[in-house]
Amino acid sequence: MRRWSRTWSITGGSRSGPSIEGPKDTWASGLHYEPFIGRWSRKVAAEFLAWISLPPGSRVLDVGCGTGALSQSVLQNTSPGSVTGIDPSPEFVSFARQQIPDQRATFKVGSAESMEFPDAAFNATLSALVLNFVPHPDLAVAEMRRVTLASGFVAAYLWDYSGRMELLRYFWDAAGSLDERALELDEGRRFPLCRPEPLRQLFDSAELRNVEVRPIDIDTVFRDFNDYWDPILGGQGPAPGYAMSLTEGRREELRDRIRGTLPVSGDGSIRLTARAWAVRGTP
């Protein structure tokens, strides 16, 4: 079985900046992922499910299920017959199992690029915020098509990293202004897939039909700056991984630069927009 990994590796740390081995993205702690991205992923998931309209009794596959945000939304907002989630991270699979005891849900360690399911096993095959991290997303979407019934559909969504995923744009714009090497880690530059036309082309190349792409915008409201900054210290994902690779002094400099650019309301809250691009097609 081909496995894909989301592993972040930045070594060192000095006044001149971190020594960057390469963009490898760590997603291992569900506890730290939830306050950073998980809480916003759940809001997008609800809008996404309203768009795709899962028929009652559907057998649903969640590819790259992570902490189970999309799977849980499927269970809470629709009436599926079953939900199966796969993810390459044993830690995330364990977290999802603990958080979602629903008997209709099953979570397994597995690869998006080579799935151990028979052809046409699911009514709907979904993926949330993960295809850009898969080394070969074309193989992943081909597999998603393979395991989906001809009468079903394949759908996914990804953050608009280069545009209106604002909680990350403020981070990387500040980081890049302080350290040119941070620019190569910016998801907006690293993931050209996370735009409408590349997403459409990806689904078209998998010979999916009736392909549609649309934006999903949600409000991400932070009660204060600490509510924005503290989850970054958990180290889960490219931006937090970069922040935690810095020396304490350089991390404080980055924190202060971000604080100075965020739009803060009179009550101290910070209201940003998070946009995801959603895509769907039929086998």
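These lines cover the structure that appears in this document, whether it is placed above or below. These numbers were taken from a predicted model, which means no experiment stands behind them.

**A word on unusual backbone geometry**
Positive phi is not limited to glycine here, since Leu 129 has a value of about 60 degrees. Among the secondary structure elements, Leu 129 is positioned in the loop between strand 6 (122-128) and helix 4 (137-146). Residue Leu 129 is classed as buried on the basis of its relative accessible area of 8%.

**A closer look at the pattern of salt bridges**
For the structure shown, the criterion picks out 13 salt bridges. The shortest N-O distance in the salt bridge between Arg 39 and Asp 227 comes to 3.2 Å. Of the two residues, Arg 39 sits in helix 1 (residues 30-52) while Asp 227 sits in helix 8 (residues 225-229), which places them 188 residues apart along the sequence. Ionic contacts of the salt-bridge type, sharing partners, join the residues Arg 39, Arg 223 and Asp 227 into one network.

**A word on the pairing of strand 6**
Of all the seven residues making up strand 6, seven are buried; the element is thus mostly covered by neighbouring parts of the structure. Here strand 3 (residues 59-63) pairs with strand 6 via four bridges, running parallel. Within strand 6, the residue paired with Val 63 across the bridge is Ser 127. With six bridges connecting them, strand 6 and strand 7 (residues 148-159) associate as parallel partners. Note that in strand 7 the partner of Ala 124 across the bridge is Phe 153.

**As for the sheet that holds strand 7**
Spatially, the seven strands line up as an open sheet ordered 5-4-3-6-7-9-8, and their pairing is mixed. Either end of the sheet is taken by a strand with one partner, and the two such strands are strand 5 (105-109) and strand 8 (209-222). Taken over all neighbouring pairs, the strand axes of this sheet differ in orientation by 20 degrees on average, direction set aside. Its contacts with the sheet place helix 2 (residues 69-77) against strand 3, strand 4 (82-87), strand 5, strand 6 and strand 7, and it is angled at close to 135 degrees to strand 6.

**Digging into the packing of aromatic side chains**
Any pair of aromatic rings gets described here by the distance separating the centres and the angle formed by the planes. Inspection of every chain in the model, using the stated rule, returns 12 aromatic pairs. Judged by centre distance (6.4 Å) and plane angle (90 degrees), the rings of Phe 171 and Tyr 242 are edge-to-face. In this pair, Phe 171 is assigned in helix 5 (residues 166-178) and Tyr 242 in helix 9 (residues 238-245), connecting sequence segments 71 residues apart. As far as the burial class goes, Phe 171 and Tyr 242 line up, both buried. Put simply, the rings of Trp 40, Phe 222, Phe 225, Tyr 228 and Trp 229 touch in pairs and so form one group of aromatic residues. When the ring centre of Phe 153 is taken as reference, the NZ or CZ atom of Arg 280 above it lies at 4.4 Å.

**A few points about the nonpolar core**
Of all hydrophobic cores here, the largest spans 87 residues; its most connected members are Phe 48, Leu 126, Phe 171 and Tyr 228. Of all the elements, helix 1 adds the most residues to this core, at nine residues.

Parameters at a glance
Note on numbering: residues in each chain are counted from 1, in written sequence order. Per-residue local features are limited, in this predicted model, to residues with pLDDT of at least 70; the limit for side-chain atom pairs, both in listing and counting, is 80 or more; totals at the level of whole chains, interfaces and linings are taken over all residues. Only hydrogens and water are set aside; all other atoms, that is, all heavy atoms of the structure, feed into the side-chain values. Each helix is a run of DSSP H or I of at least 4 residues and each strand a run of E of at least 2, with the numbering of both proceeding from the N terminus. Relative accessibility under 20% of the residue-type maximum defines a buried residue, over 50% an exposed one, and the middle range a partly exposed one, all with a 1.4 Å probe and only protein chains included. Each reported salt bridge corresponds to a side-chain nitrogen of Lys or Arg within 4 Å of a carboxyl oxygen of Asp or Glu. The pairing criterion for strands is at least two bridges between them, as found by DSSP. Think of each axis as a best-fit line through the C-alpha atoms, taken over the contacting stretch in the case of a helix, with angles from 0 to 180 degrees between the N-to-C directions. Note on contacts: a residue pair is in contact if any heavy atoms of the two residues lie within 4.5 Å. The pairing test for Phe, Tyr and Trp rings, Trp by its six-membered ring, is centres within 6.5 Å, and the orientation test on the planes gives stacked under 30 degrees, edge-to-face over 60, and tilted for anything in between. Over a ring means this: the NZ of a Lys or the CZ of an Arg is within 6 Å of the ring centre and within 35 degrees of the ring normal. Only buried Ala, Val, Leu, Ile, Met, Phe, Trp, Tyr and Cys residues count toward a nonpolar core, and they belong to the same one when joined by side-chain atoms within 4.5 Å.

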